[in-house]
Amino acid sequence: MNDVVYGVIKALSITNLFAAFASVALGIIIGALPGLTAAMGVALLIPITFGMSPSTGLITLAGVYCGAIFGGSISAILINTPGTPAAAATVIEGYQLTLKGKAGKALGTAVIASFIGGILSSIPLYLFSPPLAKLALKFGPAEYFWLSIFGLTIIAGVSSKSIIKGLISGALGLMLSTIGMDPMLGVPRFTFGSPYLISGLPITATLIGLFSMSQVLILAEEKIVSGRKFVEFEDKVMLSKDELKKIMPTCLRSTVIGSIIGILPGAGATIASFIGYNEAKRFSKNKDEFGKGAIEGVAGAEAANNAVTGGSLIPTLTLGIPGESVTAVLLGGLIIQGLQPGPDLFTVHGKITYTFFAGFIVVNIFMLILGLFGSKIFARISLVPDNILIPLIFSLCTVGSYAINNQLADVWIMFAFGIFGYFVRKLDLNPAAIVLALILGPIGETGLRRALILSHGSIGILFSSVISKVLILLSIFSLFSPFLMERMQRSRD
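Procedures and definitions
- Residues numbered from 1 in each chain as written.
- Predicted model: local features only at pLDDT ≥ 70, side-chain atom pairs only at ≥ 80, totals over all residues.
- Heavy atoms only, no water.
- Phe/Tyr/Trp six-rings, centres within 6.5 Å; stacked < 30°, edge-to-face > 60°.
- Lys NZ or Arg CZ within 6 Å of the ring centre and 35° of its normal.
- Disulfide = S-S within 2.5 Å.
- Buried < 20%, exposed > 50% of the residue type's maximum accessible area, 1.4 Å probe, protein only.
- Axes fitted to C-alpha atoms, helices over the stretch in contact; angles between N-to-C directions.
- Helix = DSSP H or I, 4+ residues; strand = E, 2+ residues; numbered from the N terminus.
- Parallel < 35°, antiparallel > 145°, perpendicular 65-115°, else oblique.
- Contact = heavy atoms within 4.5 Å.
- Expected span 1.5 Å × (residues − 1).
- Bend = angle between axes of the 7 residues up to and from the residue.

1. Details of the packing of aromatic side chains
Move 1: If you walk through the whole model with that rule in mind, you get 15 aromatic pairs.
Move 2: Pairwise contacts between aromatic rings join Tyr-126, Phe-346, Tyr-354, Phe-356 and Phe-357 into one cluster.
Move 3: A cation over an aromatic ring shows up here: Lys-351 above the ring of Tyr-6, its NZ or CZ 5.5 Å from the ring centre.

2. Observations concerning the state of the cysteines
Move 1: Summed over all chains, the structure comprises zero disulfides.
Move 2: Among the cysteines around Cys-251, which has no disulfide bond, Cys-66 carries the closest sulfur, lying 16 Å off.
Move 3: Owing to a relative accessible area of 0%, Cys-251 belongs among the buried residues under this scheme.

3. Regarding the packing of helix α10 (residues 203-221) against helix α18 (residues 431-454)
Move 1: Relative orientation of the contacting elements α10 and α18 amounts to 170 degrees, with a least axis distance of 10 Å. By the angle class used here, α10 and α18 are roughly antiparallel. In this structure, α10 contributes Ile-203, Thr-206, Leu-207, Leu-210 and Phe-211 to the contact, and α18 contributes Pro-431, Ala-432, Ile-434, Val-435, Leu-438 and Ile-439.

4. Considering helix α7 (residues 122-136)
Residue pairs three or four apart in sequence face the same way in an α-helix, which turns once every 3.6 residues.
Move 1: Across its 15 residues, α7 extends 21 Å between first and last C-alpha, which sits within 8% of the 21 Å expected from 1.5 Å per residue.
Move 2: Maximum bend of α7: about 35 degrees, positioned at Phe-128, with proline Pro-130 one to four residues after it.
Move 3: Along α7, the positions that sit buried rather than exposed are Ser-122, Pro-124, Leu-125, Ser-129, Pro-130, Ala-133 and Ala-136.

Given below as structure tokens:
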């Protein structure tokens, strides 16, 4: 409790308040620009947070994360183009409201629903994270091996359209994770005689390349969009009491949906937004409004995708298994700050963790304020042409990858992974699974080899504990979950 109180006080310091405000504004801008993603924004900000205190750096990354998820709704509502994949379901009702001259009402619904979803998702973050972290204390080498396998299978299986491509992505990440010093023998592996690779691939440059530079290459090959059709709106970005009362049940329902989906590693905000929208339609008393501009539809999608932000942090911080692609990148930021997911975050580093939790609440409050009073300004930003956007992101990628270690080699690694990430996207592989394998690979390898040393080579130790057996069953289930979800979708249709 002392750490919780300390965290609240620390989160309200001038430095952290400014970091939260600025990062949310930047996140909204990134989200409002079609083609950019929350994961890309977080990857770009990691080098900047390196010079900050750990708690301020994490609050900054959370601000970009939450801001970008909401910001995607701005372009979805106004120009019929989701700024981020998480806003895909918002387009359905949001743009219809814009065509009716109710763009302000649609934006007001989006920001209020986003705030409700985000702020309430902090409740499970506070309640469930410490007990889950305590469970991690019971993990031995065998359990950590199966935990890494579970993390890889679930994000590879759920986040990719094809389970084979998901597993290929995970395998590529595992191969890349073997570069560097052998964790048990201290022998260099696959360094090709380069002392630069002794410590493995630089995680920041790798993340920026996979998520940000690859996006630049994707945008550059497409037709340059110099101007987008924009609808002027004069109505206020606010809802009446009756409208608030109308969307409140939908927001609460979608918050529960989003939080649960966020806790399930790999599902992500896009899936949550569509489920939230579908459930809003199913429970609505005004089903005839859907497809023609229903604020309940906007509320259902936005509350769900923003509730994922808090839920997805739970497995990320406690077990090191990201809830979605953005938290896979954020996990890299956590490690760069010298913090390892698990029980130590809630004991040794408890003050930092609870400052981050309190900062997460502050971030959502700033998102509400900026959304209600700044949406018209952010709406203009969504019209920035690609011929300005592409060189700007290119420059940020280059400067950011160099800034961490002041080494030109990091920039070359970033470019290499930018090209690699471009082909990953083109082949419809999963960059999040690659990053996760890069992080979990050494944990799984060390766990497996230590377990076999302890048992003098007997594989029976891998199946000896209850936790190991549960993780094995979860891994098997996660592999087949795409088939189950597809079958459920067919039966529903």
